[in-house]
Amino acid sequence: MAALLLLFLFLFASSALSQDSIGVNIGTGVTNMPSPTQVVTLLKSQSINRVRLFDADRSMLLAFAHTGVQVIISVPNEQLLGISQSNATAANWVARNVAAYYPATNITTIAVGSEVLTSLPNAASVLVSALKYIQAALVTANLDRQIKVSTPHASSIILDSFPPSQAFFNKTWDPVIVPLLKFLQSTGSPFLLNVYPYFDYVNSNGVIPLDYALFQPLQANKEAVDANTLLHYTNVFDALVDAAYFAMSYLNFTNIPIVVTESGWPSKGDSSEHDATVENANTYNSNLIQHVVNKTGTPKHPGTAVTTYIYELYNEDLRPGPVSEKNWGLFHTNGTPVYTLRLAGAGAVLANDTTNQTFCVAKERVDRKMLQAALDWACGPGKVDCSALMQGEACYEPDDVVAHSTYAFNAYYQKMGKASGSCDFKGVATVTTTDPSRGRCVFPGSAKSNKTLGNTTNALAPSANSTTSGYHHHHASFTDLTLLSLLLIIALVFL
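Now for a description of the structure that goes with this document. Quantities reported herein were computed from a predicted structural model and do not represent experimental measurements.

### Looking at the overall build of the protein
A tally of regular secondary structure across the protein gives 15 helices and 15 strands. Among the 495 residues that make up the protein, the fraction classed as buried is 51%. Considering only residue pairs separated by 6 or more positions, the protein has 70% of its internal contacts joining residues 24 or more positions apart. Accessible surface, the protein as shown: approximately 22100 Å² in total, 55% of it carbon and sulfur.

Right under this line is the structure:
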């Protein structure tokens, strides 16, 4: 009967959500980029355990130390040529950007370049050399088993993507693609693919239905059927991923996994970008996240979650191009969501309704006299109860004007119902979703005592020296534990 018990346990485990398969991209084109510790705090509050950086920023890598977050770092395109021509240059890059932080920072992948074949075709001939030099440097550092090396591709390098079974890579790139796939296969590295149904939909001139691009339910007779395999496709995302699998198999590579390094939908566009809307962005990203965490898989590989990185965490106001290019983010830089994702049944991952969990805090690096004056006003004419700041009380320590101002500003902000303009104090205060509570000092408006996973922000961001691993383990819900207990009881009855 032990076999029966193992079967029950297997069924329970296989039904669990694959929350660890969702990550986010963190771009650099942001005017007021939050500090690295604020970024980490936001990610932990959203149960996000994977991030992709478009560089190897030192402060960001230090902030991710001891968090358990799995990090993809990148060799920017402008550094590709130098690394591809010198083993010493690659070794120096790995020493400075990988070995200096690993294993405290959980670097799992190095993305060499980004969409090189389509955005920087003149560098295509040196791409595989760059990957091999980085790999050799990892081998020398004894890190090649822990860290994989690959390069992200635009899905446009795949031609005739429907039906997926007939897809193939643009043959122009065969001199690059074939040795690249050999490299990925020999090192056990994934094929990195950027998948944007938004662009496929916009460029289809009405051939692709909007619902098909957005993962919306389709009637059976509306599903796209691959006549060669009889596989049914209900969304563009799955079709593009499977097209990549078939394109690789066309070249006799059948065991290289695919990781989607970018996918998303813009929430705002210019007058000609009619489908870049908040509603469509919410629908796409909500459905995509549920599709991934529920381990739906693709028709070619059902039941296997496709690890996917949402593009992107923050709106990038500095990005050139049309309005849509600046509006792919899930969050504004103050931590409030651009829209609230609809994720019923998707667990804690990206449960980003932080709208009602905002706090008012003192800005960093502002004039201390202005802070003191604002603190005096809040505790005086502002009629804030500042008794918690008295010596010996819960919020007295640390005894400095920034900490005390933050408490008083937030108390006023909460007392005023978070009304517009109630968190300004002549420019020395700002709104944040990071709960400033600490220890016994629980701030007004804090949900800390409820400890609702995924909807609240940690009291303090971990320091670079912290040894706390945060949320990087999957925590079973009460329902999960009850189900497991029931299965164990049933199994024991038959023992």
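### Points about the layout of surface pockets
Put simply, the second largest pocket is a space of about 750 Å³. Taken together, 32 residues make up the lining of the second largest pocket; nearest its centre are Ser114, Glu115, Asn194, Glu262 and Arg319. Breaking the lining of the second largest pocket down by element, the ones donating at least two residues are strand 3 (70–75) and helix 9 (197–202). Each residue belonging to the lining of the second largest pocket can be placed in one class, and the counts come to 10 nonpolar, 13 polar and nine charged.

### Observations concerning the pattern of salt bridges
Following the criterion strictly, the structure yields two salt bridges and no others. Where glutamate 262 meets arginine 52, a salt bridge forms, and the shortest distance between an N and an O atom there is 2.8 Å. With a gap of 210 residues between them, glutamate 262 in strand 12 (residues 258–263) and arginine 52 in strand 2 (residues 50–53) connect regions that are remote in the sequence. Its relative accessible area of 7% is what places glutamate 262 among the buried residues. Judged by relative accessible area, which is 0%, arginine 52 ranks as buried. Between glutamate 325 and arginine 319 there is a salt bridge whose closest N-O contact spans 2.9 Å.

### So, helix 5 (residues 87–99)
Along helix 5, the residues that are buried comprise Ala90, Trp93, Val94, Asn97 and Val98. Buried positions in helix 5, seen along its axis, are confined to an arc of 100° and lie on one side of it. In this fold, the buried residues of helix 5 make contact with helix 3 (58–63), strand 3, helix 4 (80–85), strand 4 (107–112) and helix 7 (124–140). With a side-chain oxygen positioned 3.2 Å from the backbone nitrogen of alanine 88, the residue opening helix 5 is serine 86.

### Focus on the packing of helix 13 (residues 368–379) against helix 14 (residues 401–415)
Where helix 13 meets helix 14, the axes come as close as 9 Å, and the angle between the chain directions of the two elements is 40°. Classified by the angle between their axes, helix 13 and helix 14 sit oblique to one another. Like other packed secondary-structure pairs, helix 13 and helix 14 cross with a definite hand, here left-handed. Facing helix 13, whose interface residues are Arg368, Leu371, Gln372, Ala374, Leu375, Trp377, Ala378 and Cys379, helix 14 presents Val401, Val402, His404, Ser405, Ala408, Phe409 and Tyr412. Its residues assigned to classes, the contact of helix 13 with helix 14 comprises 11 nonpolar, three polar and one charged.

### Considering the environment of methionine 370
Structurally, the position occupied by methionine 370 is in helix 13. Sequence spacing of methionine 370 and phenylalanine 425 is 55 residues, and the spatial spacing of their C-alpha atoms is 8.9 Å.

### A word on the sheet that holds strand 4
As summarised here, the arrangement of the nine strands in space is 5-4-3-2-1-13-12-9-6, forming an open sheet in which the pairing is parallel. Each edge of the open sheet carries a strand with a single partner, namely strand 5 (148–150) and strand 6 (152–154). Averaged over neighbouring strand pairs, the angle between their axes works out to 25° when direction is ignored. Where strand 1 (residues 22–26) meets strand 13 (residues 308–310), three bridges bridge the pair, whose relative direction is parallel.

### Considering the packing of aromatic side chains
All told, the structure shown has 21 aromatic pairs when counted by the stated rule. The interplanar angle of 75° and the centroid separation of 5.2 Å between the aromatic rings of tyrosine 196 and tryptophan 328 together place this pair among those described as edge-to-face. In this pair, tyrosine 196 is assigned in the loop between strand 9 (191–194) and helix 9 and tryptophan 328 in the loop between strand 13 and strand 14 (359–362), connecting sequence segments 132 residues apart. Residue tryptophan 328 is classed as buried on the basis of its relative accessible area of 2%. Pairing phenylalanine 199 with tryptophan 328 gives two aromatic rings, centres 5.7 Å apart and planes at 45°, and the pair type is tilted. You can see phenylalanine 199 sitting in helix 9 and its partner tryptophan 328 sitting in the loop between strand 13 and strand 14, a full 129 residues away along the chain. Here lysine 300 stacks its cationic end above the ring of phenylalanine 246, 4.3 Å away from the centre of that ring.

### A word on the packing of helix 7 against helix 8 (residues 174–187)
Relative orientation and spacing of two packed helices are given, respectively, by the angle between their axes and the distance between those axes. Two elements in contact, helix 7 and helix 8, have axes separated by 9 Å at closest approach and are oriented at 15°. In terms of axis orientation, helix 7 runs roughly parallel to helix 8. The hand of the helix 7/helix 8 crossing is left-handed. The segment helix 7 lies against helix 8, with Ala124, Leu127, Val128, Leu131, Lys132 and Gln135 engaging Val176, Pro179, Leu180, Phe183 and Thr187. Class assignment for the residues of the contact of helix 7 with helix 8 results in eight nonpolar, two polar and one charged.

### As for helix 11 (residues 236–250)
Counted at 1.5 Å a residue, the expected span for helix 11 with its 15 residues is 21 Å, and the 21 Å between its end C-alpha atoms agrees. Along helix 11, 13 of the 15 residues are buried, which leaves the element largely enclosed by surrounding structure. Sitting at the amino-terminal end of helix 11 is asparagine 235, which places a side-chain oxygen 3.2 Å from the backbone nitrogen of phenylalanine 237. Backbone geometry just downstream of helix 11 places asparagine 252 in the positive-phi region, at approximately 70°.

### Thoughts on the side chain of aspartate 435
Mapped onto the secondary structure, aspartate 435 falls in the loop between strand 15 (429–432) and helix 15 (478–493). In this structure aspartate 435 comes out as buried when scored by relative accessible area, which is 3%. Polar side-chain contacts of aspartate 435 include one of 2.7 Å to the side chain of serine 437.

### Some words on unusual backbone geometry
Residue phenylalanine 162 is joined to proline 163 through a cis peptide bond whose omega torsion reads 0°. Tracing the backbone shows proline 163 in the loop between strand 7 (158–159) and strand 8 (168–169). Of the consecutive residues glutamate 397 and proline 398, the connecting peptide bond is found in the cis state with omega at -5°. If you trace the backbone, proline 398 turns up in the loop between helix 13 and helix 14.

The rules behind each value
Residue indices follow the written sequence of each chain, beginning from 1 at its first position. Whole-chain, interface and lining totals are the exception, using all residues; otherwise, since this is a predicted model, local features are given only for residues with pLDDT of at least 70 and side-chain atom pairs are given and counted only at 80 or more. Hydrogens are left out, water is left out, and the side-chain values use all remaining heavy atoms of the structure. Strands here mean DSSP runs of E at least two residues long; helices mean DSSP runs of H or I at least four residues long; both are numbered from the N terminus. Each residue is assigned to one of three classes by its accessible area relative to the maximum for its type, calculated with a 1.4 Å probe on protein chains only: buried under 20%, partly exposed between the two thresholds, exposed over 50%. Contacts between residues were defined by any pair of non-hydrogen atoms, one from each residue, lying within 4.5 Å. Computed with the Shrake-Rupley method and a 1.4 Å probe, the accessible areas treat only the protein chains shown as cover for residues. In this analysis, the protein atoms alone were mapped onto a 1 Å grid. Cavities are point sets where a 1.4 Å probe fits without being able to get out; pockets are open sets with protein on both sides within 12 Å along at least five of seven lines; lining residues have an atom within 4 Å of a point. Grid points are joined across faces, edges and corners, and a volume is the space filled by probe spheres set on the points. Asp, Glu, Lys and Arg are counted as charged, while Ala, Val, Leu, Ile, Met, Phe, Trp, Tyr, Cys and Pro are counted as nonpolar; the rest, among them Gly, fall into the polar class. Salt bridge, as used here, is a side-chain nitrogen of Lys or Arg placed within 4 Å of a carboxyl oxygen of Asp or Glu. The arc under discussion is defined with respect to the helix axis, by the directions toward the C-beta atoms. Any pair of N or O atoms that falls within 3.5 Å is considered a polar contact. Within protein, one atom must be able to donate a hydrogen and the other to accept it, and sequence-neighbouring residues count only if both atoms are side-chain atoms. Axis definition: a line fitted to C-alpha atoms, limited for helices to the stretch in contact. Angles are taken between N-to-C directions and run from 0 to 180 degrees. Roughly parallel here means an angle under 35 degrees, roughly antiparallel means over 145, roughly perpendicular means 65 to 115, and every remaining angle is called oblique. Handedness of a crossing is defined here by the sense of rotation of the near helix relative to the far one, left-handed for an anticlockwise turn of less than a right angle and right-handed for a clockwise turn. What makes two strands pair is DSSP finding at least two bridges between them. Only Phe, Tyr and Trp rings take part, Trp by its six-membered ring, and two of them pair if their centres are within 6.5 Å. Stacked means planes under 30 degrees apart, edge-to-face means over 60, and tilted covers everything else. Any Lys NZ or Arg CZ found within 6 Å of a ring centre and within 35 degrees of that ring's normal is scored as a charge over the ring. Here the expected length of a helix is defined as 1.5 Å per residue gap, with one fewer gap than residues.

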